[in-house]
Amino acid sequence: MRPRIVVTVLVALLILPLLGVPARAQNALVVSTWGGNWKDTVEKVIGKAFTAKTGIPVEYEVGGTIDRLAKARVAKGNPLVDLTFTTTHVARLYISDGLYEKLDMAKLPHAREIAREALRSDYHVGSWAYVYTIAYRPDLVKEDITKWSDLWKPSLKGKIAMPDFDPSHIITIAALMEGGNEINWQKGESRLRQLKDSVAAFFSTDAQSQDLMKTGQGPVQVMLSVNAYHLQEQGIAVKVVQPTDYPGVVGIDTMAVMAGTKKADAAHQFINLALSREIQSELVKALRAGPVHPGAVVPANLRGQPGIFLSAAEWKERGYIMNDEARAKNLPGWREWFTANIVKK
Amino acid sequence: MKLLLVPALVVLAVFAAALASLFRWSLLEFIPGSLQTGGLTLANFRGVLAPQYLGAIQDTVVLSALTTVLTLVCAYPVAYALARTPSRRVRSVLLVLTLAPFFTGAIVRTYAWVLVLGNTVVSWPVPMLFTERGVLVGLVHFSMPTMILILAAALSHIDPIYERAAASLGASPARVFRRVTLPLSMPGIMSGGLIVFAWTLSAFPTPELLGGGKVKMIANVVKDLGLDSFNWPGAAAFAMLALALTLALLTAVGRLSTARAS
Amino acid sequence: MIFRLAVVGLVAFMTLPTVVVIAVSFNPTAILSFPPAGFSLRWYENVLTYPQFQRAAVNSLLVTGGAVALALPVGTFAALALERGRLRGRHVWAAVLLSPVVVPGVAAGLGFLILAAALGLLRSRSVLIAAHVALILPFVVRSVWVSVRNLDPALERAAASLGATPWRAFRRVTLPLLRPGLFAGLLFAIVVSLNEFVVSLFISNRVTEILPVAMFNYVVNYTDPTIAALSSLFIAATFVAVWLADRYLDLGRVFLRH
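Basis of the calculations
- Residues numbered from 1 in each chain as written.
- Chains lettered and ligands numbered in written order.
- Predicted model: local features only at pLDDT ≥ 70, side-chain atom pairs only at ≥ 80, totals over all residues.
- pLDDT = per-residue confidence, 0-100.
- Core = buried A, V, L, I, M, F, W, Y, C linked by C-beta atoms within 7 Å.
- Buried ≥ 20, exposed ≤ 12 C-beta atoms within 10 Å, placed from the backbone.
- Contact = placed C-beta atoms within 7 Å.
- Helix = DSSP H or I, 4+ residues; strand = E, 2+ residues; numbered from the N terminus.
- Nonpolar A, V, L, I, M, F, W, Y, C, P; charged D, E, K, R; others polar.
- Axes fitted to C-alpha atoms, helices over the stretch in contact; angles between N-to-C directions.
- Left-handed = near helix turned anticlockwise from the far one by under 90°.
- Parallel < 35°, antiparallel > 145°, perpendicular 65-115°, else oblique.

On to the confidence of the model for chain C, then. Residues at a pLDDT of 70 or more form 96% of chain C, whose mean pLDDT is 86. This complex was scored by the predictor with a pTM of 0.88 and an ipTM of 0.87.

The next point concerns the nonpolar core. Grouped together as the largest cluster of nonpolar side chains are 283 residues, with contacts concentrated most on Ala 79 and Leu 151 of chain B together with Ala 71, Phe 112 and Ile 136 of chain C. Every residue in contact with Ala 79 of chain B, bar those within four places of it in the chain, is listed here: Ile 148, Leu 151, Ala 152 and Leu 155 of chain B.

On the side of chain B, 19 residues touch chain A, which itself brings 29 residues to the contact. Counting only elements with at least two residues in the side of chain A that touches chain B, the list comes to α3 (65-74), α4 (88-96), β6 (199-203) and α12 (324-343) of chain A. When residues in the side of chain A that touches chain B are grouped by element, the largest group, 10 residues, is from α12 of chain A. Of the residues assigned to the side of chain A that touches chain B, the class counts are 12 nonpolar, 6 polar and 11 charged.

Interface size is commonly expressed as the accessible surface area that is lost when the partners come together. Listed as interface residues are 84 residues of chain B and, on the opposing side, 88 residues of chain C. Every element with two or more residues in the side of chain B that touches chain C is listed here: α1 (6-23), α3 (51-84), α4 (88-104), α5 (106-117), α6 (132-156), α9 (186-201), α11 (218-228) and α12 (232-261) of chain B. Across the side of chain B that touches chain C, the residue classes tally to 59 nonpolar, 18 polar and 7 charged.

For the rest of this paragraph, the subject is unusual backbone geometry. All names here are of chain B. Residue Phe 130 is not a glycine yet carries a positive backbone phi of 65 degrees. Position of Phe 130 relative to the elements: it lies in the loop between α5 and α6. On the basis of neighbour count, Phe 130 is assigned to the buried category, with 26 C-beta atoms found within 10 Å.

Now for the packing of helix α3 (residues 51-84) of chain C against helix α9 (residues 179-195) of chain C. The description of two packed helices rests on the angle between their axes and on the distance between the axes. Residues and elements named next belong to chain C. It is at 9 Å that the axes of α3 and α9 come closest, and there the two elements cross at 145 degrees. In this structure, α3 meets α9 at a crossing whose hand is right-handed. Packed against α3, whose contacting residues are Ser 60, Thr 64, Ala 67, Val 68, Ala 71, Leu 72, Gly 75 and Thr 76, the element α9 presents Leu 182, Gly 185, Leu 186, Ala 189, Ile 190, Ser 193 and Leu 194 at the interface. Its residues assigned to classes, the contact of α3 with α9 shows 9 nonpolar, 6 polar and no charged.

Residues and elements named next belong to chain A. Look at helix α2 (residues 37-54) against helix α10 (residues 277-287): their axes get within 9 Å of each other, and the N-to-C directions meet at 165 degrees. Overall, the two elements α2 and α10 adopt an arrangement that is roughly antiparallel. As α2 packs across α10, the resulting crossing turns out to be right-handed. Side by side, α2 and α10 meet where Thr 41, Lys 44, Val 45, Ile 46 and Ala 49 of the first sit next to Ile 279, Glu 282, Leu 283, Ala 286 and Leu 287 of the second. Here the residues of the contact of α2 with α10 sort into 7 nonpolar, 1 polar and 2 charged.

Following this line, the structure appears as structure tokens:
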């Protein structure tokens, strides 16, 4: 071993990383969003149009719903991002710690055109919607599934997959079946317990859910409609159900401005652009999610599909919208109950 | 000589500071639906003494112990071959094949096992995926390269002269192994065993992906609490509890191992 | 004979996922199927042109390089101190040195995140490097300790009696004798750091993101074989590195000291 060379290399390796972080565009708008297709779509559809219109470049911080929340929480007061995309009930968590800035509606003229249900609060507004509903492989499951109560059929034992990072949907449905809802959800407990041995697997990411459907290991799922349509496009025969007994559970992804950001104006412009009819039409095409703007153009293959609402009436009838605060408050308790009673062997 | 320990202790102090930053939260009251916390409380510790949390700790210890033993058994022959083979080519091949899984990355290796253990490649007589069996296979596979390398390093220190001497005195290969090689390689076995055991205690991607939500080890529960439920007080309390118990376990095992090795 | 069969079988078990990964990486469609339904290099193309991977690779080089450069000497000294330092409660110190390995990644990650915020270091790589050093140190210590245990102090005393200073004796006698443990320690340090994504996920952002985090972010969103292609590239690099090391370092001398 030649010590001098080794020492030099070691010292170099030590110093290099500290030689600064590459400079990024100082005036860029930093947007926090989910990765993969979500980020690609926001970038291509909204970001590019925004930069073309305002000349302001956009950069993206990518991650999961909750690790982005964790990073926002510790950066309170001196935010690392300017604008955040997150689910509507998690946004309540941001709001509870003062991480969002109140929206200046005067700077969001397009907000007047969107569905009322998409105006979630003074701090956050919907960007697109979807449902969690039943999706299944008709080629692997030789029977028709048309309603939520079909999930309890003995013939489907061992074929079902559902999310365990957030059991809100199935818990709410079970509660609705017993005359309750997400607030007095205990009414559905015994009904839920019956599902215990039916579940083949629980998934914690979009990718896992799609994998289980692709490989057929979880051919019947409580699935995010966007993921299901994504698979359809890849040629996998997935049927998405508009259940006849209770609607699918609606999810609304939202945008908000971070408190303490120096780019509040730019952030508002971004949001306003995202709510415009043209951009909403592009979003529907690219994401296969439902628009918040009822006037958005929806491609023929998506019209009438679960999760795609085309009018104010459809928002009310074809989806069940949970109470955000109740959901945020009950989620930890739900997870604990769910793990102890449904997931555990 | 004792002072040589100081730099390592500085590193650990930084790590301890990070843990302390989280553990602060264990004494704060968790308010579901809010990021705000209430006042000081011991409720979080009471909460994590529930059966599903203690059960996860127990399951983790058992699974880790099983993994360690199985890994040892599987790794020893390969390590022996690696350290003892006279052929340079064989050694290179063995080394590359041992290192390759390392560089496949934890996530990818686990996905590969998802493929193999699911019934797409081979049809298994008993369900492997989303069961404890499957997770065990994944964990053993994960630890094998580590164990092989440590054992090979240990074995390389044993002068083959001892083995040759024993053989020339009439001992069978099995006897040589039992009476000469095995005892002399004890330090390596203990070292490797300890690190595999310790690392498996905090395993995350393997049970997360191969367990399908049904096999929860300590790290999965911390993620469930700290991320999905956003219950930092609960996650901190549970992490503290698990850490205290596993460190006590490690000290006990470590004491046993140094006693046996000497 | 049985021994040889056992070794082959075990190596096959160890290599199985590697084979699957390489096979899957050539699949023409965006499905992880084995055996692959055809042959295509599109995922390799995707890997090499994905900008986030390029940036993350550079970050990994910096972070892993820095962490390894720190962990090797610190770990070696610690191993020497543990074996020779006549410390009371040696196994307690040993357990303490092992502890970062036992801590669940999410807990450590959250802790480092909170600490970094408190110190105003949220945009810097230094926390990332510090975390990596802490996480790879136990492996270095354990590996080197195995070799230290086998050191015959007589050799170092002999060097001293021949007039060598302690530093010279360390460099010329001790270090070479520690080669197997050092080599194993170096390997572990590199591998653990290059694969660490759980803790790193929390304390990195889009600028400082290292390769395993970028891979993780990819894998939770996309279900195509791109990551399989990336891993196959790593494996190929391993082959080359080991071949080179064997040619120029003669790994036999590293592993067999006789």
